[in-house]
Amino acid sequence: MKQPSPQQQALFQLTGRPPLGAALSLAAQHLVAMIVGCVTPAIIIANVVGMPQAQRVLLIQSSLVLSAISTLFQVFPIGRKGGRFRFGAGLPVILGVSFAYVPSMEAIAGSGGGVAAIAGAMVVGGAVALVVGLAVEKIRVFFPPVITGTVVFTIGLSLYPTAINYMAGGTANTYEAVVEESGLTSALVYGSWQNWLVAVLTLAAVMVLNHKGRGICKLASILIGMVFGYAVAACFGMVSFADVGSAAWFALPEFLPFGITFDPAACVAIGLLFAINSIQAIGDFTATTVGGMDRDPTNQELQGGIVAYGVTNMFSALFGGLPTATYSQNVGIVTTNKVINRTVFGLTGAFLLLAGVSPKFAAILTTIPQCVLGGATITVFSTIAMTGMKLISSQKLDARNTTIVGLSAALGVGISQASAALGQLPEEFIIIFGKSPVVIATIMAVLLNLILPREE
């Protein structure tokens, strides 16, 4: 059997010079696995706020650019390995805009705070993550898998209504389309059969590719499914390129493009999520090193990674980006193919950066119909929920743990679905505790873990 060359062997080492062709193809593989998840939260928030086209493009563009910068700092850290301090994990990980923040961001944006309130909350949340990173060794004990699993599971559940609304056309859907086959004008409003048909076909394409596809077809099932759904939607006249032509080919993100405000309720809600995602990042860093390097992460890698996660999110808030987090789907690729070379992940960050500095690319993304997004992303949301279940089941499901999971999720989801029950309480309280199930579920899970007696 032919032995791999030193260049080929470099793919499975953190440093070294891998073959350029292989590095480019592997970087593209990581890109297609995360690009949809990176831009969809920005599109959702833009729709909630009702942004004009130019601001929609800018929000998507900023999210891509800042995700690239966050990734590059994690892959190429500042500081010497083994030194007193390091900014960045120095591990093969990808960061992108996280769905974990979407329910809370929707509540903040929908309450009138807009992206400015989200930006202010990100600054506070980034500071929370910074503190968590500096104290990561001492506080890990408060977040065992049953806690982080409950939170991730609740995040997945909380996103289901968003997906269903988008499959029906999105609550902000007001477009009209010309159905060429009949020559009639049809108002494709929320809940129309055209929206549901496109959404179901998109979902079917994703499912077929995910379960029957091989190689890149399986890996990029969501992306390819969206392309298919996009083509079907175009046949119904749902796609318009009217605003794409006016978008520039090249532009850099702007400083505070949407302003910044510090709403106490928004800061508390997002700050709690940053604390939880900091702990979740430990799981992703650990899965990366165990699956790709056959070792646990060092304390310096964990500390540097979470500190960089917090600081880059504070920086992102100042340039119009949305909150980022480590991407578990890319961790899954690392554990599967064992490719950990930093060149591959640096190229992925470079591809993200190139996509972000082109408003033309961002403008094309804004033409994706909401029903296509719903049909594609409901599979992502279900995966998030099941990831939480896997974390939960990694511990013994005794009476204590099932109570923590069941009661926390029940109170979180139940209160958010019946938020009118909190109608007599202050508005700030409702924004923190009544709009997103994640906050209530997190607080309850931590409290129950501390209160309930452990089995002998």
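Everything quoted here is computed from the prediction, not taken from an experiment.

Draft legend 1. Layout of the overall build of the chain. A count of helices and strands for the chain gives 19 helices and four strands. What you see for the chain is a C-alpha radius of gyration of 22 Å, in line with the 23 Å of a compact globule of 456 residues. If you line up the chain on its principal axes, its C-alpha atoms span 70 × 65 × 45 Å. Taking all 456 residues of the chain together, 54% fall into the buried category. Partitioning the contacts of the chain with sequence separation of at least 6, the portion at a separation of at least 24 is 82%. Of the roughly 19,200 Å² of accessible surface on the chain, 66% is carried by carbon and sulfur atoms. Of note, the chain has its 21 positive side-chain charges centred 15 Å away from the centre of its 17 negative side-chain charges.

Draft legend 2. View of a nonpolar patch on the surface. Taken together, the side chains of Val141, Phe142, Leu447, Leu450 and Ile451 define a hydrophobic patch exposed on the protein surface, amounting to about 510 Å² of accessible area. Structurally, Phe142 is set in the loop between helix H6 (136–139) and helix H7 (145–167).

Draft legend 3. Expanded view of helix H17 (residues 399–417). Helix length check: H17 (19 residues) gives 26 Å between terminal C-alpha atoms against 27 Å at 1.5 Å per residue, within 8%. Of the positions making up H17, those classed as buried are Arg400, Asn401, Ile404, Val405, Ser408, Ala409, Gly412 and Ser416. Down the axis of H17, the buried side of the element spans an arc of 145 degrees, and every buried residue falls inside it. Projecting away from the buried face of H17 at angles above 90 degrees are the exposed residues Ala399 and Gln417.

Draft legend 4. Just the packing of aromatic side chains, in detail. Within this structure, the stated rule accounts for six aromatic pairs. Both rings, one in Phe73 and one in Phe87, keep their centres 5.3 Å apart while their planes meet at 85 degrees; by these two values the pair is edge-to-face. Of this pair, Phe73 sits in helix H3 (residues 53–75) while Phe87 sits in the loop between H3 and strand S1 (95–97); the two residues are 14 residues apart in sequence, bridging distant segments of the chain. On the basis of relative accessible area, Phe73 is assigned to the partly exposed category, the value being 29%. With relative accessibility at 14%, the residue Phe87 sits in the buried group. Ring centres of Phe315 and Phe319 lie 4.8 Å apart, and the angle between their planes is 40 degrees; this geometry places the pair in the tilted category. Given the relative accessible area of 37%, Phe315 is considered partly exposed. By relative accessible area, Phe319 is classed as partly exposed at 21%. Lying across the ring of Trp249, Lys360 places its NZ or CZ 5.0 Å from the centre.

Draft legend 5. Summary view of unusual backbone geometry. Phi angles above zero are rare outside glycine, and Leu256 is one such case at about 45 degrees. By secondary structure assignment, the location of Leu256 is in the loop between helix H10 (221–235) and helix H11 (264–293).

Draft legend 6. The arrangement of the packing of helix H5 (residues 114–134) against helix H12 (residues 299–318) in detail. At a minimum axis separation of 8 Å, H5 and H12 run at an interaxial angle of 165 degrees. Overall, the two elements H5 and H12 adopt an arrangement that is roughly antiparallel. In terms of crossing hand, the pair formed by H5 and H12 is left-handed. When H5 is examined against H12, the residues Ala119, Met122, Val123, Gly126, Ala127, Ala129, Leu130, Val132, Gly133 and Leu134 are found in contact with a partner set consisting of Gln303, Ile306, Val307, Tyr309, Gly310, Val311, Asn313, Met314, Ser316 and Ala317. Residue composition of the contact of H5 with H12, by class: 14 nonpolar, six polar and no charged.

Draft legend 7. Focus on the environment of Ala68. In this fold, Ala68 is placed in helix H3. Each C-alpha atom, one on Ala68 and one on Leu354, is 9.0 Å from the other, the two residues being 286 residues apart in sequence. Non-local contacts of Ala68, meaning those with residues more than four positions away in its chain, are made with Gly349, Leu352 and Leu353.

Draft legend 8. Region of the structure containing the packing of H7 against helix H19 (residues 437–451). Where H7 meets H19, the closest approach of the two axes is 9 Å, and the angle between their N-to-C directions is 160 degrees. In terms of orientation, H7 and H19 fall into the roughly antiparallel class. Considering how the two elements wind past one another, H7 and H19 form a crossing that is right-handed. Here Ile147, Thr150, Val151, Thr154, Ile155 and Ser158 of H7 come into contact with H19, specifically with Pro437, Val438, Ala441, Thr442, Ala445, Val446 and Asn449. Split by residue class, the contact of H7 with H19 holds eight nonpolar, five polar and no charged.

Draft legend 9. Structural context of the pattern of salt bridges. Counted under the stated rule, the structure contains one salt bridge. The residue Glu301 makes a salt bridge to Arg295 at a minimum N-O spacing of 2.8 Å. Given a relative accessible area of 3%, Glu301 falls into the buried group.

Draft legend 10. Structural detail: the confidence of the model for the chain. Put simply, the chain has an average pLDDT of 81, and 90% of its residues get 70 or more. Within the chain, the lowest mean pLDDT, 39, falls on strand S2 (residues 176–179), and the highest, 93, falls on H5. Ignoring residues within four places in sequence, the model shows residues 173–187, a span with pLDDT below 50, making 24 contacts including any to other chains.

Reading guide: rules and limits
- Residues numbered from 1 in each chain as written.
- Predicted model: local features only at pLDDT ≥ 70, side-chain atom pairs only at ≥ 80, totals over all residues.
- Heavy atoms only, no water.
- Helix = DSSP H or I, 4+ residues; strand = E, 2+ residues; numbered from the N terminus.
- Rg over C-alpha atoms; globule rule 2.2 N^0.38 Å.
- Buried < 20%, exposed > 50% of the residue type's maximum accessible area, 1.4 Å probe, protein only.
- Contact = heavy atoms within 4.5 Å.
- Areas by Shrake-Rupley, 256 points an atom, 1.4 Å probe, with all protein chains shown as cover.
- Lys, Arg positive; Asp, Glu negative; His and termini not counted.
- Charge placed at Lys NZ, Arg CZ, Asp CG, Glu CD.
- Patch = residues over 30% accessible without salt bridge, like charges linked within 9 Å, V, L, I, M, F, W, Y side chains within 5 Å.
- Salt bridge = Lys/Arg side-chain N within 4 Å of Asp/Glu carboxyl O.
- Expected span 1.5 Å × (residues − 1).
- Arc of directions from axis to C-beta.
- Phe/Tyr/Trp six-rings, centres within 6.5 Å; stacked < 30°, edge-to-face > 60°.
- Lys NZ or Arg CZ within 6 Å of the ring centre and 35° of its normal.
- Axes fitted to C-alpha atoms, helices over the stretch in contact; angles between N-to-C directions.
- Parallel < 35°, antiparallel > 145°, perpendicular 65-115°, else oblique.
- Left-handed = near helix turned anticlockwise from the far one by under 90°.
- Nonpolar A, V, L, I, M, F, W, Y, C, P; charged D, E, K, R; others polar.
- pLDDT = per-residue confidence, 0-100.

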